[in-house]
Amino acid sequence: MSGTPPARRRRSFRDIVADPRTRLKYLPQYLFFVRYPLVLGLAFLAFPLIAPWKAPAILGNLFQLDWRGIAIVIFYACLCAWSIEYTRRVIWVSTPLRVGLLIDGDDHENWKTGAYTHPQLDTSVVTPGRATASLLLVLPLMWTLFGGADASRAGVVKAVAGGVAAAVAARLLGSAFALIPPPRIIPEWILSYTPYGTLYAPRSFDHSKYLAAYRVLHWRALLFGMFAIAIFLGTGFLAKPWSQTANVESWDPFTWSIPALAYLIALFMVLVWVLGFVAFMCDRLRIPTIPLIVTTLVVWTILRPFDHRYPVSEWRNARLDSRAALAARVAKDAGTLVIVAASGGGITASLWTTHVFQRLGQEIPGFHEQVTLISAVSGGAVGSLYYVDGFTDGSVPMMEEVVAASGESSLSAAVWGFAFLDVHRTYLGRLLGIWDRGWALEQRWGTHLADSNRTLGAWTDGIRAGWRPIALFNATVQETGERLILSPVTIEPRQASGRRDLAEMLPGRDLKLVTAARLSATFPYVSPHSRPDVAPDFTGRVFRAVDGGYYDNSGIVSALDVVNEWLRRRGRAATKIALVEIRASGMIDQGPLPDLKRDTLARTVSAPIETLLRMRATSQLARNQVELTLVQKVWKSDYDVDLGHFTFRLSDDQPLSWHLTAAQRKQIRNHWPETADEPAVPPVVREAAADNRRAVESLRAFLDRRQP
């Protein structure tokens, strides 16, 4: 039968994707061009599911919010999910004409003649975001947030209602963007064939029928991208987390702060738009984006360094060495010397340190007056900062206020500093000066001090008079790995092997108290390693300080070092010294080895790091015990000193971030002896509390015993 063959029906994109013969040929190409929205979307999906499980000590408390915090986070999350979805749609819709990825053989001829019809460009696509796709991205986060909310019926209802209201508000905001018509000021050459244009077509290609649709598409992308950046900048510049309460459980409409997780989501939302835009422009010119971004960052940071710095000032008080300081304290109270070693461990160590001080002061009369020296590390340094600063001439600290300050959350300040100050620091460099996340932490901690600008030197007069304990804030010199002691007193002997102090490293310079505590608590990634902000002609050694837990996370080494030098110079004399170790962790695990896990490539790569992290805590505890045994023997034989060791510990590792929930604060308090017999307390906590009870009784007996 002769005649004209039937016209070939043009296959749509959906037809080709549905065809197994062409799916593998075309679909991967489209997926490549939307790689950044897909990868970032997967990360957005996975983070709330993996973070609380794989890193609960550091990231778990990000998701512990009340219903107000949940509403704020979900609002930001919906905007972020909408950003991911819309950037994906813009790139997906623009791919055929922009990069020349045509999906049918006949398209090439139709393209030249102007008969090509875009298979995806319709009104449903250019509508900004679809609620269903955005909601799917937010569901894992909502699930995690609701799981950590108040378990009571009222708490669950408020959390769900707040989350739904936030999602509806974000959706209505998105619909409002769709009502704003694109201006005619967008020139056609931006949408036509140019190196930076939208279309990839010959100059003879008739693109006029696509201009209106593309104008709407890119106008809405521009509008929403600018809105996302405005949300990010507005959140950063208007929020002041150091002057607000980050504890949303005691929410006040004039003092509440945005949760730390919302800051991270705002930063992630901007990252979605930036990477999407870079890929959109570079893929058109066939420029690989990852090498371009990495090279740009490396070159820029070389041209404009952004060293993290901390402020220093002139030392204005008369210097006092550690031997004279100990002698002054002994002359003030000739009783048993109490030296305290407060370990690191984030906000858990901070709260546990002050809680032990408070309870020992309640159970042992005159305990605060007998505290002679405190050697603190990391989180223990923050708690010790509040404790030592509370001493005045004739009175001891108000422990209720000290304990409350040490347990107050500062996570929002740290995350705010990272998401805003440190991000801007990458391109502004040293123009930001000392402003970084470490500075934000200092502002937060300083709100609980009588004078946030007080320096180490301001404590010297009280130490010389004998009414203020000696404080040693332990840090580590990054360049050499040496122990660094930041203290109001100079540490003798000078230039000892493996140890430095403030007077040696920064002669004539002083530090604010909050800065010394922050340098001791420079936990990796939470606060930055920093160098002193000094003039180029400074004659001292410029160094970077990091967390003291790298060298010794217990504080025992510095305490024994300083006291040993005083004993050596004083000579032989009957003395009792009580070493109180405040340990924000459990004992060395002597139980059976855990089950051997299957070897994988990921485990092979992570095995050295895991071993280093586990070895650090275990080896330090074991080494300290051996050293203490040897020191007890030497001090007894050489100086006639009776050294007692009393440990107050927790049951296991607790949260390391700078935020604790009400339940976690209660769990820490439950480690004190009075809760040892309560049936609701877990067995491991009850066991630790029982050990602490025996330590209290032994310490009381040791202090009551007469001098030998």
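Residues numbered from 1 in each chain as written. Predicted model: local features only at pLDDT ≥ 70, side-chain atom pairs only at ≥ 80, totals over all residues. Heavy atoms only, no water.

> I'd like a rundown of the packing of helix 15 (residues 346-363) against helix 27 (residues 683-704), residues and numbers included.
Contact geometry for helix 15 and helix 27: axes closest at 12 Å, N-to-C directions at 50°. Here helix 27 runs oblique to helix 15, going by the angle between their axes. By crossing handedness, the relation of helix 15 to helix 27 is classed as right-handed. Counting all contacts with helix 15, which are made through Trp352, Leu360 and Glu363, the residues of helix 27 involved are Asn692, Val696, Leu699 and Arg700. Taken together, the residues of the contact of helix 15 with helix 27 break down into four nonpolar, one polar and two charged. (Axes fitted to C-alpha atoms, helices over the stretch in contact; angles between N-to-C directions. Helix = DSSP H or I, 4+ residues; strand = E, 2+ residues; numbered from the N terminus. Parallel < 35°, antiparallel > 145°, perpendicular 65-115°, else oblique. Left-handed = near helix turned anticlockwise from the far one by under 90°. Contact = heavy atoms within 4.5 Å. Nonpolar A, V, L, I, M, F, W, Y, C, P; charged D, E, K, R; others polar.)

> So what's going on with unusual backbone geometry? Which residues, and what values?
Phi angles above zero are rare outside glycine, and Ser378 is one such case at about 50°. With respect to the secondary-structure elements, Ser378 resides in helix 17 (residues 378-389). A positive phi angle, near 55°, is found at Asp640, a position not held by glycine. Tracing the backbone shows Asp640 in the loop between helix 25 (601-639) and strand 12 (641-649).

> Kindly report on helix 3 (residues 35-54), identifying the contributing residues and their values.
The largest bend along helix 3 measures about 45° and falls at Phe47, with the proline Pro48 one to four residues further on. Among the residues making up helix 3, those that are buried are Arg35, Tyr36, Pro37, Leu40, Gly41, Phe44, Pro48 and Ala51. (Bend = angle between axes of the 7 residues up to and from the residue. Buried < 20%, exposed > 50% of the residue type's maximum accessible area, 1.4 Å probe, protein only.)

> Hey, could you go over the confidence of the model for the chain for me, with residue numbers and the actual values?
The predicted model of the chain has a mean per-residue pLDDT of 78, with 77% of residues at 70 or higher. Long-range and interchain partners of residues 192-200, a stretch whose pLDDT sits below 50, account for 38 contacts in this model, where long-range means more than four residues apart. In this model residues 245-256 is a low-confidence stretch, pLDDT under 50, and it forms 24 contacts with partners more than four residues away in sequence or in other chains. (pLDDT = per-residue confidence, 0-100.)

> Could you give an account of the side chain of Thr522, naming the residues involved and the relevant values?
Structurally, Thr522 can be placed in the loop between helix 23 (513-520) and strand 9 (531-532). Within the structure, Thr522 has its side chain in polar contact with the backbone oxygen of Arg518 (distance 3.0 Å). Setting aside residues up to four positions removed in sequence, Thr522 forms contacts with Ser527, Pro528, His529, Ala545, Val546 and Asp547. (Polar contact = N/O pair within 3.5 Å; in protein donor to acceptor, adjacent residues only side chain to side chain.)

> Please give an account of the pattern of salt bridges that cites residues and values.
Evaluation of the coordinates by the stated rule reveals 27 salt bridges. A salt bridge links Arg499 to Asp561, with the nearest nitrogen and oxygen atoms 3.2 Å apart. Of this pair, Arg499 sits in strand 7 (residues 499-501) while Asp561 sits in helix 24 (residues 556-570); the two residues are 62 residues apart in sequence, bridging distant segments of the chain. Close ionic contact of Asp552 with Arg623 constitutes a salt bridge, the shortest N to O distance being 3.8 Å. You can see Asp552 sitting in the loop between strand 10 (545-547) and helix 24 and its partner Arg623 sitting in helix 25, a full 71 residues away along the chain. (Salt bridge = Lys/Arg side-chain N within 4 Å of Asp/Glu carboxyl O.)

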